[in-house]
Amino acid sequence: MSEPPPAEPPGSLLGIGVSPGHTAGPVARMAAPPELPARRPVVDPPAEVKAVGAALEAVAAELERRAGAAASAEAVAILEAQAMMAADPMLREEAERLASEGLDAAHALDAAFAAHREQLVALGGYFGERAADLDDLRNRAVAAVLGLPMPGIPSPGHPFVLVAADLSPADTVTLGPEVLAIVTEQGGPTSHTAILARARGVPAIVACPGAAALADGDPVAVDGDTGRVDTGIREAFAQEIRVRHGLERARLAASRGPGRTADGHPVPLLLNVGSAADLRDGAGEGVGLFRTEFLFLDRRTPPSLDEQVAAYAAVFERSPKVVVRTLDAGTDKPLPFLGLPPEPNPALGLRGLRVDRVRPAVLDTQLAAIAQAAGDCEVWVMAPMVATWQEARDFAERARAHGLTRVGAMVEIPAAALLADLLLEYVDFLSVGTNDLGQYTFAADRMHPGLADLLDPGQPALLRLVADCARAGRDAGKPVGVCGEAAGDPRLAPVLAGLGVTSLSMSAASVPAVRESLAGVTFEECRVLAEQALSAGFRERHDRRWKPRPSGANAVEA
Ligand code: PEP
Ligand code: MG
């Protein structure tokens, strides 16, 4: 492995590294939506008409350009659809008419978008759902006419480090290849922004309040492993870091094969996906967590059975085995189509499987769609947020009634971990979601940037719950995997294997480093590491005294 670069950067900021890798480049900030200024008296209406047209054309052209450079088919489709909406002749006619009647260009655009939005909402269904896209276009058009930076993901025309207060899942989906790294002021280590960033394989740091001071063009180096942002670096230094990053990515990308320890103990490495776009050929040995809610995040109407069958089949057709999770709505994954009222404490409210208490048809339609889409794929289905053995039993009955034969429960609530043996009387497997299990064990919001130490899955309290689940699985002869972010941590993977976890599921970008880490230890060493971690915690992960070695045995240094 290469040595760290020698240069000394003049300053640094600290956040939480959530997606590994070390790279560098100039900052481009995500601009805030523009404020509409007070109405301006118009002296030359034809000039305002011209400005309206130019702004809409600029927005459409910019979106087309981004679609052309987009990394995934999903992103291309989203960006092209937005570009078409910006080029809508009816929208333009309305804005031009208002400008010709004496409104300044910014207000003419704002009013035309508002009228168009109302029409879409009135049409409902698919069209109603596009209202949010229209708001984004309105912001872009108003910014363009006011000469302000375009809101949303910036597009400076060269590779950049994206700096933002926070990112929405929709922002993350459209990240193009020119984004070298991500730094956000807010967000937590297991927030969905972090998860999606990792799935894209770009180094990322969240909870970095100092990032507020970074300005467009500032040269920075971003270390997604340590959470450090070095500022004021020289271009030669940035270039050196980028070259090293490229070489390291290429080395890891070439890694192939099943997950196993140095002495051959198998630990299948599975993928966490939100759609077929997250699959990578040859990356994993199947899908260990298909988060179905990501397909329907922005929907205002329930997806039909046929629509769901098509979306699930797109993943099932490309993988020999898929563990699919039924909808996990709530808190950081709102599903507007469920029409659930706001709750004072949503993380403790109607989320995950609990939604079934008020919308039972949603689960039945989904189970039917999963069964129908299965084809030749070995489909396992599991419920999120199971708390009691009765919930596990009822879910298993419902899933089996739809012809699904491999039924499991996620362990994300301490109550479920405490009852692992009972749950396994009703279900065929368990999958430990360490993101929520950490949140609920430590009573620490998984998005809270100030509680990262409590959300660290290396904590012995959390590992003891994982160990209990693994033991129950061993006693029952049933698999117990981990699909939370802990599974993708190369330094934690041997510990989880040593606890008896039977598979690890993670984003495709995390697989090579985890594979390498497991290959460097024997199963007995995994067990020793697990014992130490259970009693003392996995403190080494912070001070780096323990680290996997690319070849030969790993060690715990005193
Ligand atoms: C988890 O909680 O660990 C998990 C895998 O589910 P999600 O992150 O989607 O809530
Ligand atoms: Mg969860």
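Our subject in this report is the structure included herewith. (Residues numbered from 1 in each chain as written. Chains lettered and ligands numbered in written order. Predicted model: local features only at pLDDT ≥ 70, side-chain atom pairs only at ≥ 80, totals over all residues. Heavy atoms only, no water.)

Further remarks concern the environment of Ala-508. Here Ala-508 shows up in the loop between strand S16 (503–506) and helix H18 (511–519). Not counting chain neighbours up to four residues away, the residues in contact with Ala-508 comprise Leu-271, Asp-278, Arg-280 and Ala-283. (Helix = DSSP H or I, 4+ residues; strand = E, 2+ residues; numbered from the N terminus. Contact = heavy atoms within 4.5 Å.)

On to the packing of aromatic side chains. For any pair of aromatic rings, the description consists of the separation of the ring centres together with the inter-plane angle of the planes. Considering all chains together, one arrives at five aromatic pairs under this definition. Judged by centre distance (6.5 Å) and plane angle (35 degrees), the ring pair of Tyr-312 and Phe-316 falls under tilted. Placement of both Tyr-312 and Phe-316 in helix H10 (residues 305–316) is noted, with a separation of four residues, approximately one turn of the helix. Grouping residues by exposure puts Tyr-312 and Phe-316 together as buried. Geometrically, the ring pair formed by Trp-380 and Phe-429 is tilted, given 4.8 Å between the ring centres and 50 degrees between the ring planes. With Trp-380 in strand S12 (residues 378–383) and Phe-429 in strand S14 (residues 429–432), the pair connects residues that are 49 residues apart, well separated along the chain. (Phe/Tyr/Trp six-rings, centres within 6.5 Å; stacked < 30°, edge-to-face > 60°. Buried < 20%, exposed > 50% of the residue type's maximum accessible area, 1.4 Å probe, protein only.)

Look at helix H1 (residues 45–69) against helix H4 (residues 105–123): their axes get within 9 Å of each other, and the N-to-C directions meet at 60 degrees. Taken together, the axes of H1 and H4 lie oblique to each other. Between H1 and H4 lies a crossing of right-handed hand. Only Ala-105, Ala-108, Leu-109 and Phe-113 of H4 make contact with H1, whose side of the interface consists of Glu-48, Ala-51, Val-52, Ala-55 and Leu-56. A class-by-class count of the residues in the contact of H1 with H4 yields eight nonpolar, no polar and one charged. (Axes fitted to C-alpha atoms, helices over the stretch in contact; angles between N-to-C directions. Parallel < 35°, antiparallel > 145°, perpendicular 65-115°, else oblique. Left-handed = near helix turned anticlockwise from the far one by under 90°. Nonpolar A, V, L, I, M, F, W, Y, C, P; charged D, E, K, R; others polar.)

The reference angle at a metal is 109.5 degrees if four donors form a tetrahedron and 90 or 180 degrees if six donors form an octahedron. Every protein donor of the magnesium ion (ligand 2) is accounted for by Glu-412 (OE) and Asp-436 (OD), and the metal-donor separations fall at 1.9 to 2.0 Å. Of this pair, Glu-412 sits in the loop between strand S13 (406–411) and helix H13 (414–418) while Asp-436 is found in helix H15 (residues 434–442), placing the two residues 24 residues apart along the sequence. Each member of the pair Glu-412 and Asp-436 is classed as buried. (Donors = N, O, S within 2.8 Å, 3.2 Å for Na, K, Ca; no water.)

Ordered in space as S9-S10-S11-S12-S13-S14-S15-S16, the eight strands form a closed barrel in which the pairing is parallel. The mean angle between the axes of side-by-side strands here comes to 25 degrees, regardless of whether they run parallel or antiparallel. Bridge analysis of S14 against strand S15 (residues 480–482) gives three bridges, and the strand direction is parallel. Within S15, the residue paired with Leu-430 across the bridge is Val-480. Across the sheet, H10 lies against strand S9 (269–273), strand S10 (287–291), strand S11 (321–325) and S12, angled at about 160 degrees from S10, the strand it touches most. The strands touched by H18 within the sheet are S9 and S16, with S9 carrying the most contacts at an inclination of about 160 degrees. (Pairing = 2+ DSSP bridges.)

Purely geometric numbers; function is a separate question.
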